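# An overview of the molecular structure
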Amino acid sequence: MKKIILSLSFCLFAFAGFTQTAYTGQKFGEEVKPGDVKPAAKMESAMGNQTTTDMKIQGKVVDVCKKKGCWMTLEMPNGDPMRVTFKDYAFFMPMDIVGKNVVLDGLAKKQTISVETLRHYAEDAKKSPEEVAKITDPKKELAFEAKGVVILDKE
């Protein structure tokens with residue numbers, strides 16, 4: 001009997017330990033499991049020489065697609081926000097999450113964005129035709145393709 005009670009107690013403590021490490025908040029896409037999460041500001045240095053790598057990052061949302069939440073941008077230290085898209089467009093973000101902190105699991109990328117794509121993003125962000133027309137050069141940037149997102153309850 002003591003062994004059974006001891007075993008059950010161990011299971012309850014183990015379960016409690018696992019549930020405390022899970023992220024609390026609104027979840028989208030695949031589950032974001034706890035573990036080695038880097039601040040978005042440290043993503044590029046964590047990538048080293050790789051152009052793509054799987055990782056988890058945390059950051060603050062500064063913009064969301066105004067049409068249907070099909071992308072968002074995260075605050076970066078250089079003032080140039082990093083674009084986040086969603087794997088296979090399998091899910092979208094609520095459009096009222098600017099200022100919220102998020103944890104993402106997915107693919108970090110160093111890439112060059114074409115003029116056509118930059119103009120599309122500007123149109124999605126409801127930029128004026130004049131602002132869209134000023135986009136004439138491709139842009140090298142960091143980006144992230146999320147397979148799972150948690151909008152954190154706690155800031």
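What counts and how
Residues numbered from 1 in each chain as written. Predicted model: local features only at pLDDT ≥ 70, side-chain atom pairs only at ≥ 80, totals over all residues. Heavy atoms only, no water. Helix = DSSP H or I, 4+ residues; strand = E, 2+ residues; numbered from the N terminus. Contact = heavy atoms within 4.5 Å. Areas by Shrake-Rupley, 256 points an atom, 1.4 Å probe, with all protein chains shown as cover. Disulfide = S-S within 2.5 Å. Core = buried A, V, L, I, M, F, W, Y, C linked by side-chain atoms within 4.5 Å. Buried < 20%, exposed > 50% of the residue type's maximum accessible area, 1.4 Å probe, protein only. Salt bridge = Lys/Arg side-chain N within 4 Å of Asp/Glu carboxyl O. Pairing = 2+ DSSP bridges. Phe/Tyr/Trp six-rings, centres within 6.5 Å; stacked < 30°, edge-to-face > 60°. Lys NZ or Arg CZ within 6 Å of the ring centre and 35° of its normal.

On to the overall build of the chain, then. The number of helices and strands found in the chain is 4 helices and 7 strands. Tracing the chain from N to C terminus, the helices and strands come up as α-β-β-α-β-β-β-β-α-α-β. Expressed as a percentage of contacts within the chain between residues at least 6 apart in sequence, the contacts between residues at least 24 apart total 71%. Accessible surface for the chain amounts to roughly 9800 Å². Of this, 55% is attributable to carbon and sulfur atoms.

On to the state of the cysteines. Here a disulfide denotes one covalent bond, and it connects the sulfur atoms of two cysteines. Counted under the stated rule, the structure contains 0 disulfides. Distance from the sulfur of cysteine 65, which forms no disulfide, to the nearest cysteine sulfur (cysteine 70) is 3.1 Å.

Here we take up the nonpolar core. The tendency in soluble globular proteins is for nonpolar side chains to be buried as a group. Counting 25 residues, the largest nonpolar core has Met72, Leu104, Phe144 and Val149 as the members making the most contacts within it. Elements represented by at least two residues in this core include exactly α2 (43–47), β3 (52–64), β4 (72–74), β5 (82–86), β6 (101–113) and β7 (139–152). In terms of residue count, the dominant contributor to this core is β7 (5 residues). The contact partners of leucine 104, leaving out residues within four places of it in the chain, are Met55, Lys56, Ile57, Met72, Leu74, Val84, Phe144, Ala146, Gly148 and Val149. Within the second largest apolar cluster, 10 residues are counted, among which are Cys65, Ala125, Val132 and Ile135.

Let's shift gears to the environment of arginine 83. Relative to the helices and strands, arginine 83 is located in strand β5. Assessed through its relative accessible area of 14%, arginine 83 is described here as buried. Taking C-alpha positions, arginine 83 is 4.4 Å from threonine 73, a pair spaced 10 residues apart along the chain.

This part covers the pattern of salt bridges. Under the criterion given, the structure shown has 4 salt bridges. Note that aspartate 36 is salt-bridged to lysine 38, the shortest N-O span being 3.0 Å. Judged by its relative accessible area of 60%, aspartate 36 is exposed. The exposure class assigned to lysine 38 is partly exposed, which follows from its relative accessible area of 24%. Note that lysine 67 is salt-bridged to aspartate 124, the shortest N-O span being 3.6 Å. Linking lysine 67 in the loop between β3 and β4 with aspartate 124 in helix α3 (residues 115–124), this pair joins segments that are 57 residues apart in sequence. Lysine 67 gets classed as exposed once you look at its relative accessible area, which sits at 52%.

With that out of the way, let us pick up the pairing of β3. The sheet contact formed by strand β2 (residues 37–39) and β3 spans 3 bridges and is parallel. Residue lysine 38 lies in a different strand from β3, and its bridge partner there is isoleucine 57. Examined bridge by bridge, β3 and β6 share 9 bridges and lie antiparallel to one another. Residue pairing across strands places lysine 60 opposite asparagine 101, the latter belonging to β6. Taken together, the 3 bridges between β3 and β4 define a ladder with antiparallel strand orientation.

All told, the structure shown has 3 aromatic pairs when counted by the stated rule. On the numbers, 6.4 Å between centres and 40° between planes, the contact of tyrosine 89 with phenylalanine 92 is tilted. For tyrosine 89, a relative accessible area of 48% puts it in the partly exposed group. If you follow arginine 83 out to its NZ or CZ, it ends over the ring of tyrosine 121, 3.6 Å from the centre.

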